[in-house]
Amino acid sequence: MRLLVVAVGRLKNGPERDLAARYRERAAALGRGLGVSACDLAELPESRARRAADRVAEEAEAILALVPAEAALIACDERGRSDWPSERLAARIGEWRDRGRPALAFVIGGADGLHERVRTRADHILAFGAATLPHGLVRVLVLEQAYRTLTILAGHPYHRGDPDA
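A brief report on the enclosed structure follows. Sequence order as written defines the numbering, with residues in each chain counted from 1. Local features in a predicted model are, by the rule used here, given only for residues with pLDDT of at least 70; side-chain atom pairs are given and counted only at 80 or more, and totals for whole chains, interfaces and linings are based on all residues. To get the side-chain values, take all heavy atoms of the structure and skip hydrogens and water.

**Quick notes on the environment of glycine 35**
Looking at the element boundaries, glycine 35 is found in the loop between α1 (15-31) and β2 (38-44). You can call glycine 35 partly exposed: its relative accessible area is 41%. Sequence spacing of glycine 35 and aspartate 98 is 63 residues, and the spatial spacing of their C-alpha atoms is 9.0 Å. Here glycine 35 is in contact with Met1 and Arg97, once residues within four sequence places are set aside. In this description a helix means any DSSP run of H or I spanning at least four residues, a strand means any run of E spanning at least two, and both kinds are numbered starting from the N terminus. Burial classes follow relative accessibility: with a 1.4 Å probe on protein chains only, a residue under 20% of its type's maximum area counts as buried, one over 50% as exposed, and anything between as partly exposed. Whether two residues touch is decided by their heavy atoms; if any such pair falls within 4.5 Å, the residues are in contact.

**Things to note about empty space enclosed by the protein**
Cavities and pockets are found on a 1 Å grid laid over the protein atoms alone: a cavity is a set of points where a 1.4 Å probe fits but cannot escape, a pocket is an open set with protein on both sides within 12 Å along at least five of seven lines, and a lining residue has an atom within 4 Å of such a point. Grid points are joined across faces, edges and corners, and a volume is the space filled by probe spheres set on the points. On inspection of all chains with the given rule, the structure shows one cavity of 30 Å³ or more. Considered as a void within the structure, the largest cavity measures approximately 80 Å³ in volume. Those elements giving two or more residues to the lining of the largest cavity turn out to be α3 (86-98), β4 (103-108) and α5 (135-154). Along the lines of polarity and charge, the residues of the lining of the largest cavity split into nine nonpolar, one polar and one charged. Just so you know the grouping, Ala, Val, Leu, Ile, Met, Phe, Trp, Tyr, Cys and Pro go in nonpolar, Asp, Glu, Lys and Arg go in charged, and all remaining residues, Gly too, go in polar.

**Quick look at the sheet that holds strand β1 (residues 2-8)**
Consider a sheet: its strands pair through backbone hydrogen bonds, and that pairing is either parallel or antiparallel. Taking strand neighbours across the sheet as the criterion, the five strands line up as β2-β1-β4-β3-β5 in an open arrangement whose pairing is parallel. Whereas interior strands pair on both sides, the edge strands pair on one side only; in this sheet they are β2 and β5 (124-126). Mean inter-strand twist for the sheet, computed between neighbouring axes without regard to direction, equals 25°. Pairing between two strands requires that DSSP report at least two bridges joining them. Pairing between β1 and β2: seven bridges, direction parallel. What sits directly across from alanine 7, in β2, is glutamate 43. Angles here are taken between N-to-C directions and fall from 0 to 180 degrees, while the axes themselves are lines fitted to C-alpha atoms, restricted in helices to the stretch in contact. Relative to strand β3 (residues 72-81), α3 is tilted by about 155°, and along the sheet it contacts β3, β4 and β5.

This is the structure in structure tokens:
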């Protein structure tokens, strides 16, 4: 399974970019022994369309063009589920991997959110709580959860959550 993070917008140099890179590198290194071949990042430019609806539609087209047809897709959206503990997310990702899904794509929309086409295509819609978070922090959270998922699947001591969750 190939791990892919598709994000609208580019991170500038700074602590968020550094931390995201660190988790991405950790996920790539750990994933090799777990049947996860890569941890790729695709940064898409934000649409310059005038209307928000047009921007979101343009960004959706670019996002969906990068996600392989058979890939599992997790959309990060404030209207998603925030009640899944890391163990449950890891179990679901492990199921997708074990069933032969060729890729897992985490998708992070732009300032105007995600188009309904992306939300409909998603296998899971994930929220990191009710608060609105800066794009850079969401990317760090996604990559940290990707790494945490792999540590859970590997039985690695990084994750010390509730084993019965």
